[in-house]
Amino acid sequence: MAEAAQMQVSDEVAITINNMNKWYGTFHVLRDIDLTVYRGERIVICGPSGSGKSTLIRCINALEEHQQGEIVVDGTLLSSDLKNIDTIRSEVGMCFQHFNLFPHLTILENCTLAPIWVRKIPKKEAEETAMHFLEKVKIPDQAGKYPGQLSGGQQQRVAIARSLCMKPRIMLFDEPTSALDPEMIKEVLDTMIELAEEGMTMLCVTHEMGFARQVANRVIFMDAGQIVEQNEPEAFFNNPQSDRTKLFLSQILGH
Amino acid sequence: MPTDTSVAFVRTAEIPPSPPPASETGIVKWLRENLFSSWGNTILTLFSFWAIYVILTATVPWIVNGVWTTSSLAACREVLQGEVGACFSVLTERWNQLLYGFKYPVEEYWRPNLAFLLLFAAAAPVLFFDLPRKLLIFTALYPFIAYWLIWGGSIMIPIVALLGFVAGYFVFDRFGKQSFAQGFFGAIVAAFVVWWLGGFLIPDTEDTLLPAVPSRDLGGFMLNMMLGVTCVSLSLPLGIVLALGRQSKMPLIKGICVIFIEFIRGVPLITLLFVASVMLSYFFPPESTVDLFLRVVIMITMFSAAYIAEVIRGGLAALPKGQYEAADSLGLDYPQAMRLIILPQALKISIPGIVNVAVGLFKDTTLVSVISMFDLVGMIRGPILASTEWNGVYWELLSFAALLFFIVCYGISQYSQWLERRLATDHR
Ligand SMILES: Nc1ncnc2c1ncn2[C@@H]1O[C@H](COP(=O)(O)OP(=O)(O)O)[C@@H](O)[C@H]1O
Ligand SMILES: [Mg+2]
């Protein structure tokens, strides 16, 4: 499926990050981040643990506050104004490493909650949309169960469906497969690949290099809070420029 | 090691299941395993049987020989002729006093009785949330109906009170969407305006449909129930607000909640009750009609709310941070995230702790007897034991009080266990 990488990327801008800096207390976790994401782009972010990957994508939907620079998501400037934050969050879907499904609600209720309360969509319609996306991630028959009754891979697919029910224009993934057993990784990646093929703008923090080669049109390597290198996947993997990238790639591909 | 045996093995015939040996089933096995499994265990078992025997031989004749129909302790002794036996006559003769106190007019007993029955209808949709939500309308009206039934007086008082809440609700509904603070304070102002205006509507006449009964005439177990129900239902929401306030990022709100909780928890309830009975009259204007019942309700509510707040804080802390983040990332705002995601889970974790506080609160309502309110214990210690007929009937009266409290507290505990099972969705 090498054609995935050639899928249309428009020149319309989805996310702009300008000279962004973030500190945890006195710890300078993100340094001078500049990044422009075009609509339809599929970006994979990788880098050693603690390099600030999660922090970066969590800044995009304001789960973390940044202290300097600006972030514009879908034309909305991210400021401390709560109105803007809620607008952005309802346009940007996010999937977490540990799924973070709501354990006290059924799968269907997990998926309809935000559409009903945030988008004010009638319950009936929200349920239809939810069933549509649950079918898409191939677990419509689990709709009445609780998250605790599902396997990890199924839970992560529900989490993706839950985000999709908000009809987001951008999806963020923070290591969606790192908490899964190997045999479940594929089912989640397949769902993500399908999403990519439909032209969703995606930012994925992941160490699944096969996935990166297959769907990404850009790979970003981060280390110590900085973007060290970015390139198209083929060039990135076959011909890394920076020493730190080379070291990192040799570590994760080496064995 | 013999070399001719192969490690390869294939089962050809299924082994059918067979019943366990007789020594492993039935009552014999149960007895052996649970009561006589070792020497120490056997001794303990025999000792326990002996203790149960001693207790039963002491109490059963006392209860069975009980006298129910005499009119004084002396008459009881006459009937019993020196035999062991309880004098339950005090319960039948003073039944009304035990339940309603000694001043509540006898011909009005149907009013608290009716209020008590309606309490079940009002509590049902809250306790059993599978019931239709429409029933909650009656729950919302119940406090006003119960007030009118128990205290009587002009029906305009509960109606005006209700209208104040309705006005507040509409103002909040109208303005709370734009800004929570605007809606919240607007609602308070609206409610007070309605109450102030409504004050002129309340007639001054004495002859009302239901004759007025002043608070100081309430008593008996009825008073314990009233205090218990009112304070539990008020302290739960207040406790939630305090727990959330303690988590607030706004230093002022957080500070107020922390000081309130720590101060109230650090003071014995009995002190607060004395403050209610004596000191609060200094704070309210001298001619004010803030009566003792209301003052006691305020104090007990604050006291248990502080405890409930800490229990709920534990529940909030037990939730993974991911739940907050998932709610945020879906675009839910703070009230929605709390109401739909965080509190349902935090409260579920907190159920045993909350029930603990509720049971404790209910029993602590007997403390009002020390500030000379005549609740069940106050009635027993005061008018009944002090009377010449019943001077000295401790066991019967106190056992009766214990039984009433036990029934209610056991009911609460059973309900909470049902609730925990009903809410168990995590399938661990
Ligand atoms: N809430 C926090 N407070 C302080 N330091 C944090 C916090 N979250 C993350 N960090 C630190 O910031 C750095 C980057 O974290 P993170 O973005 O999670 O890295 P990654 O996802 O690349 O592994 C790490 O060194 C981590 O210890
Ligand atoms: Mg991370």
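Residues numbered from 1 in each chain as written. Chains lettered and ligands numbered in written order. Predicted model: local features only at pLDDT ≥ 70, side-chain atom pairs only at ≥ 80, totals over all residues. Heavy atoms only, no water.

1. What to know about the interface of chain B and chain A
Link 1 in the chain: Contacts between chain B and chain A engage 21 residues on the former and 24 residues on the latter.
Link 2 in the chain: For the pairing of chain B and chain A, the buried interface totals around 2000 Å² over both sides, and the portion due to carbon and sulfur atoms is 61%.
Link 3 in the chain: The largest per-residue losses of area from chain B upon contact with chain A belong to S329, L330 and T425 of chain B, which jointly make up 29% of the total buried on that side.
Link 4 in the chain: At the surface where chain B touches chain A, the tally comes to one salt bridge.
Link 5 in the chain: On the surface where chain B and chain A come into contact, there are six residue pairs in polar contact (both at pLDDT 80 or more).
Link 6 in the chain: For the side of chain B that touches chain A, the secondary structure elements donating two or more residues are helix 14 (321–329) and helix 15 (334–364) of chain B.
Link 7 in the chain: Here the residues of the side of chain B that touches chain A sort into seven nonpolar, eight polar and six charged. (Contact = heavy atoms within 4.5 Å. Buried area = accessible area lost by both parts, 1.4 Å probe. Salt bridge = Lys/Arg side-chain N within 4 Å of Asp/Glu carboxyl O. Polar contact = N/O pair within 3.5 Å; in protein donor to acceptor, adjacent residues only side chain to side chain. Helix = DSSP H or I, 4+ residues; strand = E, 2+ residues; numbered from the N terminus. Nonpolar A, V, L, I, M, F, W, Y, C, P; charged D, E, K, R; others polar.)

2. Side note on helix 6 (residues 182–197) of chain A
Residues and elements named next belong to chain A.
Link 1 in the chain: Along its 16 residues, helix 6 runs 23 Å from first to last C-alpha, staying within 8% of the 22 Å computed at 1.5 Å per residue.
Link 2 in the chain: Buried residues along helix 6 sit against strand 3 (42–46), helix 4 (123–136), helix 5 (152–164), strand 7 (170–174), strand 8 (201–205) and helix 7 (209–215).
Link 3 in the chain: Immediately beyond the C-terminal end of helix 6, within one or two residues, lies G199, with a positive phi of roughly 90°. (Expected span 1.5 Å × (residues − 1).)

3. Focus: the pattern of salt bridges
Residue and element names in this part refer to chain A.
Link 1 in the chain: Tallying each qualifying case throughout the model produces 25 salt bridges over all chains.
Link 2 in the chain: A salt bridge links E12 to R39, with the shortest nitrogen-to-oxygen separation between them at 3.2 Å. Taken together, the positions of E12 in the segment before strand 1 (13–24) and R39 in the loop between strand 2 (27–38) and strand 3 put the pair 27 residues apart, joining distant regions of the chain.
Link 3 in the chain: Given a relative accessible area of 14%, R39 falls into the buried group.
Link 4 in the chain: Note that E194 and K138 form a salt bridge whose closest N and O atoms lie 3.5 Å from each other. Taken together, the positions of E194 in helix 6 and K138 in the loop between helix 4 and helix 5 put the pair 56 residues apart, joining distant regions of the chain.
Link 5 in the chain: On the basis of relative accessible area, E194 is assigned to the partly exposed category, the value being 26%. (Buried < 20%, exposed > 50% of the residue type's maximum accessible area, 1.4 Å probe, protein only.)

4. Examining the pairing of strand 10 (residues 226–231) of chain A
All names here are of chain A.
Link 1 in the chain: Relative to strand 10, strand 9 (residues 218–223) runs antiparallel, the two being bridged by five bridges. Across the sheet, residue I220 finds its bridge partner in strand 10, namely Q230.
Link 2 in the chain: Counting the residues between successive antiparallel strands, the hairpin from strand 9 to strand 10 contains two residues, one of them, A224, with a positive phi of roughly 50°. (Pairing = 2+ DSSP bridges.)

5. Describing the site of ligand 1
Residues and elements named next belong to chain A.
Link 1 in the chain: Around ligand 1, a shell composed of Y24, F27, V29, P48, S49, G50, S51, G52, K53, S54 and T55 is seen.
Link 2 in the chain: Measuring from an oxygen atom of ligand 1, one finds a side-chain N or O atom of K53 at 2.9 Å.
Link 3 in the chain: Between S54 and ligand 1, the recorded distance is 2.5 Å, taken from a side-chain N or O atom to an oxygen atom.
Link 4 in the chain: For ligand 1, the protein covers 59% of the area, taking 560 Å² as the surface of the free molecule.
Link 5 in the chain: At the level of elements, strand 2 and helix 1 (53–60) are the ones that each hand at least two residues to the shell around ligand 1.
Link 6 in the chain: Broken down by element, the shell around ligand 1 gets its largest block of residues, three residues, from helix 1.
Link 7 in the chain: In terms of residue class, the shell around ligand 1 is made up of four nonpolar, six polar and one charged. (Near = heavy atom within 4 Å. Areas by Shrake-Rupley, 256 points an atom, 1.4 Å probe, with all protein chains shown as cover.)

6. Structural notes on the state of the cysteines
All names here are of chain B.
Link 1 in the chain: One pass over the structure, following the stated rule, counts one disulfide over all chains.
Link 2 in the chain: Paired by a disulfide, C76 and C87 hold their sulfur atoms 1.9 Å apart. On the S-S bond that ties C76 to C87, the torsion sits near 70°, and the link is right-handed. With C76 in helix 3 (residues 73–80) and C87 in the loop between helix 3 and helix 4 (89–93), the pair connects residues that are eleven residues apart, well separated along the chain.
Link 3 in the chain: Unpaired in this structure, C231 has its nearest cysteine sulfur neighbour in C409, at a distance of 14 Å.
Link 4 in the chain: The exposure class assigned to C231 is buried, which follows from its relative accessible area of 0%. (Disulfide = S-S within 2.5 Å.)

7. As for the sheet that holds strand 6 (residues 92–95) of chain A
All names here are of chain A.
Link 1 in the chain: Strand order in this open sheet of six strands is 6-7-8-3-9-10, and the pairing throughout is mixed. Each edge of the open sheet carries a strand with a single partner, namely strand 6 and strand 10. The mean inter-strand angle of the sheet, taken between neighbouring strand axes irrespective of direction, is 20°.
Link 2 in the chain: Two strands pair when backbone bridges link them, and strand 3 and strand 8 are joined in this way by four bridges, in the parallel orientation. Looking at strand 8, one finds that V44 is bridged to C204. (Axes fitted to C-alpha atoms, helices over the stretch in contact; angles between N-to-C directions.)

8. Details of the confidence of the model for chain B
Link 1 in the chain: Per-residue confidence for chain B gives a mean pLDDT of 87, with 94% of residues at or over 70.
Link 2 in the chain: Scoring the predicted complex yields pTM 0.85 and, for the interface, ipTM 0.91. (pLDDT = per-residue confidence, 0-100.)

9. Overview of the environment of K123 of chain A
Residues and elements named next belong to chain A.
Link 1 in the chain: By secondary structure assignment, the location of K123 is in helix 4.
Link 2 in the chain: In this structure K123 comes out as exposed when scored by relative accessible area, which is 55%.
Link 3 in the chain: K123 sits 60 residues away from L63 along the chain, and the two C-alpha atoms are 28 Å apart.

10. Observations concerning the nonpolar core
Side chains of nonpolar character tend, in soluble globular proteins, to be buried together.
Link 1 in the chain: Ranked by size, the top nonpolar core spans 127 residues in total, and within it I15, I17, I45 and L203 of chain A together with L218 and L397 of chain B carry the most contacts.
Link 2 in the chain: Per-element tally for this core: the top contributor is helix 15 of chain B, with 14 residues.
Link 3 in the chain: Excluding residues within four positions of it along the chain, I45 of chain A makes contact with K53, L56, I57, L203, C204, V205, T206, I220 and M222 of chain A.
Link 4 in the chain: Listed in part, the 46 residues of the second largest apolar core include A130, L134, M192 and C204 of chain A. (Core = buried A, V, L, I, M, F, W, Y, C linked by side-chain atoms within 4.5 Å.)

11. Comments concerning the sheet that holds strand 5 (residues 76–77) of chain A
All names here are of chain A.
Link 1 in the chain: With respect to topology, four strands assemble into an open sheet ordered 2-1-4-5, the strand pairing being antiparallel. Edge positions in the sheet fall to strand 2 and strand 5, since each of these pairs with one other strand and no more.
Link 2 in the chain: Pairing of strand 4 (residues 68–73) with strand 5, which is carried by two bridges, proceeds in the antiparallel orientation. Bridge pairing in strand 5 links V73 to T76.
Link 3 in the chain: Together, strand 1, strand 2 and strand 4 form the strand contacts of helix 1, whose direction differs from that of strand 1 by roughly 125°.

12. Some words on the packing of aromatic side chains
Residues and elements named next belong to chain B.
Link 1 in the chain: Taken as a whole and judged by the stated rule, the model has 27 aromatic pairs over all chains.
Link 2 in the chain: Each ring, one from F406 and one from Y410, has its centre 5.4 Å from the other, and the planes form 20°; the classification is stacked. With F406 and Y410 both in helix 17 (residues 394–423), this residue pair falls four residues apart, about one helical turn.
Link 3 in the chain: Of the residues examined, Y410 reaches a relative accessible area of 44% and is grouped as partly exposed.
Link 4 in the chain: Taken together, F144, F165, F192 and W195 form an aromatic cluster joined through their ring pairs. (Phe/Tyr/Trp six-rings, centres within 6.5 Å; stacked < 30°, edge-to-face > 60°.)

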